Amino acid sequence: MPNASSWSASSPLLLLWEDSSGTRIFLSLLYAVLAISGTLSNVMVIYLVFSFKKLQTTSNAFIVNGCAADLSVCALWMPQEAVLGLLPPNSSSLRSAEYRLLRGGLLGLGLTVSLASHLLVAFNRYVLITKLPSVYQALYQRRHTGCMIGLSWALALLLVPLLPGLWTPSSAQQPPPRQTDGSSHYTALLLALAVLGQTALLLHCYLGIVRRVRGSAKRVSVLNFHLLHQLPFPAAPPPPRRVQRRLSSVSVLLLCCVFLLGTQPLVWVSLLGFFLRPAPPALQAASWLLLCALSALNPLLYTWRSEEFRRAARSVLP
């Protein structure tokens, strides 16, 4: 059985080499659904932001950056996994080391930039709500924003070649090895701790927003703050302050819960496998699928409360 501290698995669909064809077909269909829905939603958000000037804000620039990264997972990686799951175990595609490296690179690049974009969006909104406007304007100039986005991709491009075994599945042709390379175990541990650190920073930003929103009704009234868009253009008068604070807090907490549900199971499965013993294969596969599903849910997660996004979508869709 493969060690759960590795973020890869023994086959392209995170199945053991002896798993049944029925299980592989089921996961192939699941990947296909996630690929189609995630690709459509990410492309729609990118199109709306580039087409409507009111949506071209700093916060939405980071959202578009995350959508572009999620397309690497939903539009490029997931369809391949869906197709490979339908192939026989002795297919030459599953044994090609170069092809596995390519798929692993797409996956690692997309997930790294996507997670970095989550943190950039959270920090942007934290500064917008909790700091003075002069601080926000000085920090988020166009040049600085571009540098932040560029650094997220540079970090991903730097990490992906250094960690080929972490993102690349091993061959489904052979049984899992009894012993795995210790360096990959420590690499998986370091990445799990890095994701935990990123999660702690993200929660600090959003919980700081909740405290600010709940404690400063006057500032909320002036900004008409809604979590999921930066600059509001309401079509109707804002709701009462108490209701508005409650809705904003619920939006923040919902976003945090979805993010935690998508990222933390795989992190704790990895930590469990490193310090104690490997988790059951079904738990490993479920935790991985939750992380993949987050790439398909991110566009809706960040835009469903934005009136401007809803207006733009209604003007485009029939």
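Residues numbered from 1 in each chain as written. Predicted model: local features only at pLDDT ≥ 70, side-chain atom pairs only at ≥ 80, totals over all residues. Heavy atoms only, no water.

Caption draft 1: Highlighting the overall build of the chain. The helix and strand inventory of the chain stands at 12 helices and 0 strands. Ordering the α and β elements of the chain from the N terminus gives α-α-α-α-α-α-α-α-α-α-α-α. Sorting the 318 residues of the chain into buried and exposed places 50% on the buried side. At a minimum sequence separation of 6, the contacts of the chain that also span at least 24 residues come to 81%. As displayed, the chain has an accessible area near 15300 Å², and 70% of this comes from carbon and sulfur atoms. (Helix = DSSP H or I, 4+ residues; strand = E, 2+ residues; numbered from the N terminus. Buried < 20%, exposed > 50% of the residue type's maximum accessible area, 1.4 Å probe, protein only. Contact = heavy atoms within 4.5 Å. Areas by Shrake-Rupley, 256 points an atom, 1.4 Å probe, with all protein chains shown as cover.)

Caption draft 2: Summary view of the environment of I209. Within the secondary structure, I209 is located in helix 8 (residues 182-215). Here I209 falls in the buried class, since its relative accessible area comes to 0%. Taking the C-alpha atoms as reference points, I209 and L128, 81 residues apart in sequence, are found 9.3 Å from one another.

Caption draft 3: Layout of the packing of helix 2 (residues 58-84) against helix 11 (residues 281-303). One can describe the packing of helix 2 onto helix 11 by two numbers: an axis separation of 10 Å at closest approach and a directional angle of 135 degrees. By the angle between their axes, helix 2 is oblique relative to helix 11. Considering how the two elements wind past one another, helix 2 and helix 11 form a crossing that is left-handed. Contact residues: I63, C67, D70, V73, C74, W77 and M78 in helix 2; W288, C292, S295, A296, N298, P299 and Y302 in helix 11. Partitioned by chemical class, the residues of the contact of helix 2 with helix 11 number 11 nonpolar, 2 polar and 1 charged. (Axes fitted to C-alpha atoms, helices over the stretch in contact; angles between N-to-C directions. Parallel < 35°, antiparallel > 145°, perpendicular 65-115°, else oblique. Left-handed = near helix turned anticlockwise from the far one by under 90°. Nonpolar A, V, L, I, M, F, W, Y, C, P; charged D, E, K, R; others polar.)

Caption draft 4: Geometry of the UniProt feature "transmembrane region" (unreviewed entry) in the chain. Here, UniProt's "transmembrane region" (unreviewed entry) annotation points to residues 25-50, 62-80, 100-123, 144-167, 187-209, 250-276 and 282-304. Annotated as 100% helix and 0% strand, the span residues 25-50 places its first and last C-alpha atoms 37 Å apart. Between the end C-alpha atoms of residues 100-123 the distance is 35 Å, and the span holds 100% helix and 0% strand. (UniProt positions renumbered as here; feature names shortened; annotations may be inferred.)

Caption draft 5: Expanded view of helix 11. With 23 residues, helix 11 should cover 33 Å at 1.5 Å per step; its first-to-last C-alpha distance of 34 Å lies within 8% of that length. The sharpest bend along helix 11 measures roughly 50 degrees and falls at L297, with the proline P299 sitting one to four residues further on. (Expected span 1.5 Å × (residues − 1). Bend = angle between axes of the 7 residues up to and from the residue.)

Caption draft 6: A look at the pattern of salt bridges. Per the stated rule, a full pass over the model turns up 4 salt bridges. Between R310 and E307 there is a salt bridge, with the nearest N and O atoms lying 2.6 Å from each other. Remark: E307 and R310 occur in helix 12 (residues 307-316); sequence separation between them is 3 residues, near one turn of the helix. Judged by relative accessible area, which is 22%, E307 ranks as partly exposed. (Salt bridge = Lys/Arg side-chain N within 4 Å of Asp/Glu carboxyl O.)

Caption draft 7: The side chain of N42, seen in detail. If you trace the backbone, N42 turns up in helix 1 (residues 21-51). In this structure N42 comes out as buried when scored by relative accessible area, which is 0%. Separated by 2.7 Å, the side chain of N42 and the backbone oxygen of G38 make a polar contact. If we skip the residues at most four places from it in the chain, N42 touches C67, D70, L71, C74, S295 and P299. (Polar contact = N/O pair within 3.5 Å; in protein donor to acceptor, adjacent residues only side chain to side chain.)

Caption draft 8: Region of the structure containing the packing of helix 4 (residues 97-130) against helix 11. Relative orientation of the contacting elements helix 4 and helix 11 amounts to 45 degrees, with a least axis distance of 12 Å. By the criterion of interaxial angle, the relationship of helix 4 to helix 11 is oblique. Regarding helix 4 and helix 11, the two cross each other, and that crossing is left-handed. Contact residues: helix 4 offers L107, L111, S114, H118, V121 and R125, while helix 11 offers W288, L291, L294, S295, N298 and Y302. Taken together, the residues of the contact of helix 4 with helix 11 sort by class into 7 nonpolar, 4 polar and 1 charged.

Caption draft 9: Representation of the state of the cysteines in the model. According to the stated counting rule, one finds 0 disulfides in the structure shown. Its sulfur unpaired, C257 is 7.0 Å from the next cysteine sulfur, which belongs to C256. (Disulfide = S-S within 2.5 Å.)

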